[in-house]
Structures are given as structure tokens and as C-alpha cells.
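# Inside the fold
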Amino acid sequence: MPNWNQVLEEIKREDARLFNSAKAGLDSVRRKYLKRLFRLTGRNVIAYYSGWLSKPYAFGMDLRDEDKNAFMMAIHKMDRSQGLDLILHTPGGDIAAAESLVEYLRSMFGNDVRAIVPQIAMSAGTMVACSCKSIVMAKHSNLGPIDPQISGVPAAAVKEEFEQAIREITKDQSRLAAWQFILQKYTPTYLATCENAVRWSKDFVTDALKNNMFSQSIDKDTLASRIVDRFSDFSENKSHGRHIGRQECIEYGLNIEILEDDPDLQDSLLTVHHCFIHSLSNSPSIKIVENQNGVAFIKTVG
């Protein structure tokens, strides 16, 4: 299969060939290799790609409720008995949207959904990946922490800050003057909102793991709790943007398939990945949801 530069050259040749056609080279080449991936695996495939790496300031690249419409369109007329390979490349997004999407995919494919992370699936993307029966990762693949953010602020950090303030003020009343300037920026219900968000995130991923990845394990409660604790540990992860590599995911206990163990799948998948990254980098597109039949939802900078 072609590498990054070879894919780009093929796109340029296709652009030249299709100069007077309604189809662009980016779309034509991308759909060609997505179809080849389907033929290799025999499984339905939906690629969910966001362009946040090349367009970091564009609006609407996060996982959100409008994506449900894209998935409905992609799944329509699929032979659902073939299962689904879900390719994820996303910075994450809304917990409610992720939870709703997971419920929808389960209603369509049962537990026969496999996540594939060719590069990065962070935050809510990690949550969706954890809802699948397994996660295919390469050496360069990363998941991310699942601690929720409230208006860009880590909810777990707010909770931790409040608890630290209480400890220090209880021990030394003179600390109240210093802490009041920090705590007064929070509204009365803000702490409860943060606590609920943390609990919601943990409960969602715990249930998702138990309902699919560990559904056949007698230790599913223990396995799921251990993974959720590690992925939601704000103190340990230090940052919501921390990249968690494949080896750590294996050590945490996730069911990880090693991409390099299947060279044909590796070649085919990485070519598909190159195609999508080129499409997002060299067009106004900021999000693409597409299946093996060329049915696509493409969101552009508007």
C-alpha cells in the first residue's frame, strides 16, 4: 500500500484526471482505499475523522449530537450482520453525545463493534473506544484521559481544589483570606456540577466496558473499575491532553489488538489514515464521517 507521499502524489494525479469531473481527487482516492479496507476485513467500516490537528481554531470539530445524523446516514442500508469497524480520530467532545452514539451503535450492531485508533482518540473519543469489544492500536496510537471538562476547566481539578481549600482552612484559619480569592470565582452550584460530571463520566465508561469488552468476564466489575480509575485520575495524568500509549492501555487492562501483528491490515489502514489526513489538511473540511460505500457527511469551515 502507498505511504504518505505516495498517497499525496496519487491524489494529485487523480485531481488532474478528474479536472472536469464533479469528483475531486481527495474524495476519489480516499474512497478507493476505504473500500479496499472493507474488502480486506469483510467488516463494515465507518471512519470518523476530525481536523483539529490541521485547523486547531475551527469551530465544530468536537464529537457532538449532530454526528448522530452522520452515523445514521452511513449505517443506512448496511448489512449489519458484518459488524462494524469504527475508525476514530478525534479530540473528543460532549459526554452526552458520546453516550447517545454508543447506545445507537449498540442498537445497530450489538456488541460487534471494534474500534480502530490509527493515531489519536482523546477524551470522549476514548470513551467511545472503550465501549467497543476491542481497540486496534499501533505503536504510535494514543488514547486520552476521560476526566470531564466544564467550560475548559477540568472538573476533577475543581473538586480537588475545593478539597485542598477545606483541608488547609480547617488546619489554619489564616488560610481563609488567601483561599477566598480563588474560591469566589466559582458559583454556588459549580462544585456540584463538577462532581456530577466526574461521576457521569466514570459511570458511563464503567457500564460501557462491562456491557461489551468485558461482558463475558467473571471479573468485569474489577476490570472496568481499574481501567476507569486510571483513565480518570487527574492527579496521575496531570493534564486532560495527556497521550496514553498502547503499552499503557494494555497494562491498564484494555482489550488491545496490536495493528502490527497483521501487516495487511496495517498497510491498508495507514493508507486510509493518510487519505483522511490529506483530505482534512488540503480542503475546507473539518470533519468527515464516511463508510466503505462512499456515503459521507463532510463538515466544512463555514
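These figures come from a predicted structure and were not determined experimentally. (Residues numbered from 1 in each chain as written. Predicted model: local features only at pLDDT ≥ 70, side-chain atom pairs only at ≥ 80, totals over all residues. Heavy atoms only, no water.)

## With respect to the overall build of the protein
Tallying secondary structure elements over the protein gives twelve helices and twelve strands in all. A principal-axis box enclosing the C-alpha atoms of the protein has dimensions of 75 × 45 × 30 Å. Across the 302 residues of the protein, 49% fall into the buried class. For the protein, the exposed surface amounts to about 14300 Å²; the carbon and sulfur share of it is 51%. Seen as two clouds, the 36 positive and the 38 negative side-chain charges of the protein have centres 4 Å apart. (Helix = DSSP H or I, 4+ residues; strand = E, 2+ residues; numbered from the N terminus. Buried < 20%, exposed > 50% of the residue type's maximum accessible area, 1.4 Å probe, protein only. Areas by Shrake-Rupley, 256 points an atom, 1.4 Å probe, with all protein chains shown as cover. Lys, Arg positive; Asp, Glu negative; His and termini not counted. Charge placed at Lys NZ, Arg CZ, Asp CG, Glu CD.)

## Re the nonpolar core
Grouped together as the largest cluster of nonpolar side chains are 49 residues, with contacts concentrated most on L86, I135, L143, L209 and L254. Tallying contributions element by element places helix α4 (residues 95-109) first for this core, with eight residues. V7, I11, Y33 and L265 belong to the second-largest nonpolar core, a separate cluster that totals 25 residues. (Core = buried A, V, L, I, M, F, W, Y, C linked by side-chain atoms within 4.5 Å.)

## What about a negative patch on the surface?
On the surface, a cluster of negative charge is contributed by E160, D229, D233 and E236. The topology assignment puts D229 in helix α9 (residues 220-231). (Patch = residues over 30% accessible without salt bridge, like charges linked within 9 Å, V, L, I, M, F, W, Y side chains within 5 Å. Salt bridge = Lys/Arg side-chain N within 4 Å of Asp/Glu carboxyl O.)

## Thoughts on the pattern of salt bridges
For side chains of opposite charge, pairing can occur when their charged atoms come near one another. In total, this model carries 14 salt bridges according to the counting rule given. In this structure, the salt-bridge partner of D27 is R30, at a minimum N-O distance of 3.0 Å. Separated by three residues within a single helix, D27 and R30 lie in helix α2 (residues 25-41), roughly one turn from each other. Across the salt bridge formed by R246 and E260, the nearest N and O atoms sit 2.5 Å from each other. Separated by 14 residues along the polypeptide, R246 in helix α11 (residues 246-252) and E260 in the loop between β10 (256-258) and α12 (263-281) bring together distant segments of the chain. Judged by its relative accessible area of 13%, R246 is buried.

## A short note on the sheet that holds strand β1 (residues 44-50)
The seven strands are arranged β10-β5-β3-β2-β1-β11-β12 in an open sheet whose pairing can be described as mixed. Among the strands making up the open sheet, the edge pair consists of β10 and β12 (296-300). Between one strand and the next, the sheet's axes are offset by a mean angle of 20 degrees, whatever the strand orientation. Relative to β12, strand β11 (residues 285-291) runs antiparallel, the two being bridged by five bridges. Within β12, the residue paired with K287 across the bridge is K299. Packed onto the sheet, α4 meets β1, β2 (84-89) and β3 (113-117) and runs at close to 160 degrees relative to β2. (Pairing = 2+ DSSP bridges. Axes fitted to C-alpha atoms, helices over the stretch in contact; angles between N-to-C directions. Contact = heavy atoms within 4.5 Å.)

## Description of α12
With 19 residues, α12 should cover 27 Å at 1.5 Å per step; its first-to-last C-alpha distance of 27 Å lies within 8% of that length. Across the 19 residues that make up α12, a large majority, 14, are buried. (Expected span 1.5 Å × (residues − 1).)

## Quick look at the sheet that holds strand β4 (residues 120-121)
Here three strands make up an open sheet; going across it, the order is β4-β6-β9 and the pairing mixed. Every interior strand has two partners, whereas the edge strands, β4 and β9 (244-245), have only one.

## Here we look at the packing of α2 against α12
For the pair α2 and α12, the least separation of the axes is 9 Å and the interaxial angle reads 155 degrees. Judged by the angle between their axes, α2 and α12 are roughly antiparallel. Taken as a pair, α2 and α12 cross one another with a handedness that is left-handed. The residues of α12 that touch α2, namely those facing L26, V29, R30, Y33, L34, R36, L37, L40 and T41, are D264, L265, S268, L269, T271, V272, C275, F276, H278 and S279. Classifying every residue of the contact of α2 with α12 gives eleven nonpolar, five polar and three charged. (Parallel < 35°, antiparallel > 145°, perpendicular 65-115°, else oblique. Left-handed = near helix turned anticlockwise from the far one by under 90°. Nonpolar A, V, L, I, M, F, W, Y, C, P; charged D, E, K, R; others polar.)

## Some details on the packing of helix α8 (residues 190-213) against α9
α9 packs onto α8 with a crossing angle of 140 degrees between their chain directions and a minimal axis gap of 9 Å. It follows from the interaxial angle that α8 and α9 lie oblique. For the crossing formed where α8 meets α9, the hand is right-handed. Contacts between α8 and α9 involve K202, V205, T206, L209 and K210 from the former and K220, D221, A224, I227 and V228 from the latter. Of the residues in the contact of α8 with α9, the class split is five nonpolar, one polar and four charged.

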